[in-house]
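# Geometric and topological summary
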Amino acid sequence: MNQALPIEGYLVVGALMFAIGAWGALIRRNAVVVFMCIELMINGVVLTLVAFGDYLPQAGGVGASYAVLVIAIAAAEVAVGLAIVLAVFRSRRTVNVDEANLMKW
Amino acid sequence: MIVAFGFLASMSLGCALGVVLSRNVIHSALFMSGSFLGIAGFFVMLNAPALAAFQVLIYVGAVTVVILFGIMFTQRPSVSSFRTIIQRQHMPGLVVAAGLAVFLSYIVSVQEWGGQTEPGQGPQETATFGENLLGVGGPEIFGLLFQVSAVLLMVSIVAAVVISRRKTDEGG
């Protein structure tokens, strides 16, 4: 009941989270929801990093430090991305990623 | 341990599915914060409680609030059925995502992780974690990465302000 879990459990959860986020980023139309799904993908990767840092002796215990950097950059990405969504909404009155096709050849 | 793992896995993955399949955008944002809370619980199980605190503060607090602001500014009242929220190519998307899930799960399952893979190899104390992050105790590259990420955060916030600023005639 209290024995340690194998590392594959955490890695599979991280992989499934990445896949769910990729699915949402591919099929949803709302640009804000696409951002949320990208955040889910980033969280799956961060979970994998922290699991490596805790389980593998070769990792040197720095997985959590990498995770902090990833979280900071993801926060920056959310700020810039939502600013772009706001700018697109202000000029085109939509956040549908299918309709924002001005730069499509 | 197994009970906590099952609870957190079902919470984070179920809320992630809720983000993708919810027809209301506000519900998607709330499901997203639930999923982040599940990931924070995983961080506690993986001996990184300081990182779990960061996760709760930054993701569950800040990112969710920023995304809710974005939803408030951009949503028009609209009908919400699956026909309107999902792209026409949803079946290829499902195939790609299922293939990605099976592929990644298979790879991480069959890979033989070298050495003895036991939990608790990471830094147990928050002080060690902080020294690693500042490049004092651990690899020194982290000192550079820390400062680069600080500069990147400032530049991106300025960029966000510039992009989303309401343009007036005389650049005010």
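Cut-offs and rules
Residues numbered from 1 in each chain as written. Chains lettered and ligands numbered in written order. Predicted model: local features only at pLDDT ≥ 70, side-chain atom pairs only at ≥ 80, totals over all residues. Heavy atoms only, no water. Patch = residues over 30% accessible without salt bridge, like charges linked within 9 Å, V, L, I, M, F, W, Y side chains within 5 Å. Areas by Shrake-Rupley, 256 points an atom, 1.4 Å probe, with all protein chains shown as cover. Salt bridge = Lys/Arg side-chain N within 4 Å of Asp/Glu carboxyl O. Helix = DSSP H or I, 4+ residues; strand = E, 2+ residues; numbered from the N terminus. Buried < 20%, exposed > 50% of the residue type's maximum accessible area, 1.4 Å probe, protein only. Domains from an automatic or database assignment. Contact = heavy atoms within 4.5 Å. Buried area = accessible area lost by both parts, 1.4 Å probe. Nonpolar A, V, L, I, M, F, W, Y, C, P; charged D, E, K, R; others polar. pLDDT = per-residue confidence, 0-100.

For the rest of this paragraph, the subject is a nonpolar patch on the surface. All names here are of chain B. There is a patch of nonpolar side chains on the surface, built from Val-151, Met-154, Val-155, Val-158 and Val-162 and spanning about 450 Å² of accessible area. Note on placement: Val-162 falls in helix H7 (residues 141-164). A residue is classified by how much of its surface remains accessible, and Val-162, at 44% relative accessible area, is partly exposed.

Turning next to the domain arrangement of chain B. When the domains of chain B are assigned, the result is domain 1 (1-77) and domain 2 (125-167). The C-alpha-based centres of domain 1 of chain B and domain 2 of chain B are spaced at 23 Å.

Every contact between the two is made by 75 residues of chain A and, on the other side, 86 residues of chain B. Summed over both partners, the interface of chain A with chain B buries about 7100 Å², with 76% contributed by carbon and sulfur atoms. Contact with chain B buries area across many residues of chain A, yet Trp23(A), Arg28(A) and Asp54(A) alone supply 10% of it, more than any other trio. Summed over the shared surface of chain A and chain B, the result is zero salt bridges. Those elements that provide at least two residues to the side of chain A that touches chain B are helix H1 (7-27), helix H2 (31-55) and helix H3 (63-92) of chain A. Here the element with the most residues in the side of chain A that touches chain B is H3(A); it accounts for 23 residues. Within the side of chain A that touches chain B, the residues separate by chemical class into 56 nonpolar, eleven polar and eight charged.

When pLDDT is averaged along chain A, the result is 88; 98% of the residues meet or exceed 70. Averaged pLDDT values over the elements of chain A bottom out at 89 in H3(A) and peak at 93 in H1(A).

Turning our attention to the pattern of salt bridges. All names here are of chain A. The final tally for this structure, using the stated rule, is one salt bridge over all chains. Residues Arg-29 and Asp-98 are paired through a salt bridge, measuring 3.1 Å at the closest nitrogen-oxygen approach. Of this pair, Arg-29 sits in the loop between H1 and H2 while Asp-98 sits in the segment after H3, and the two are 69 residues apart along the sequence. Since its relative accessible area comes to 15%, Arg-29 is described here as buried. With a relative accessible area of 33%, Asp-98 lands in the partly exposed category.

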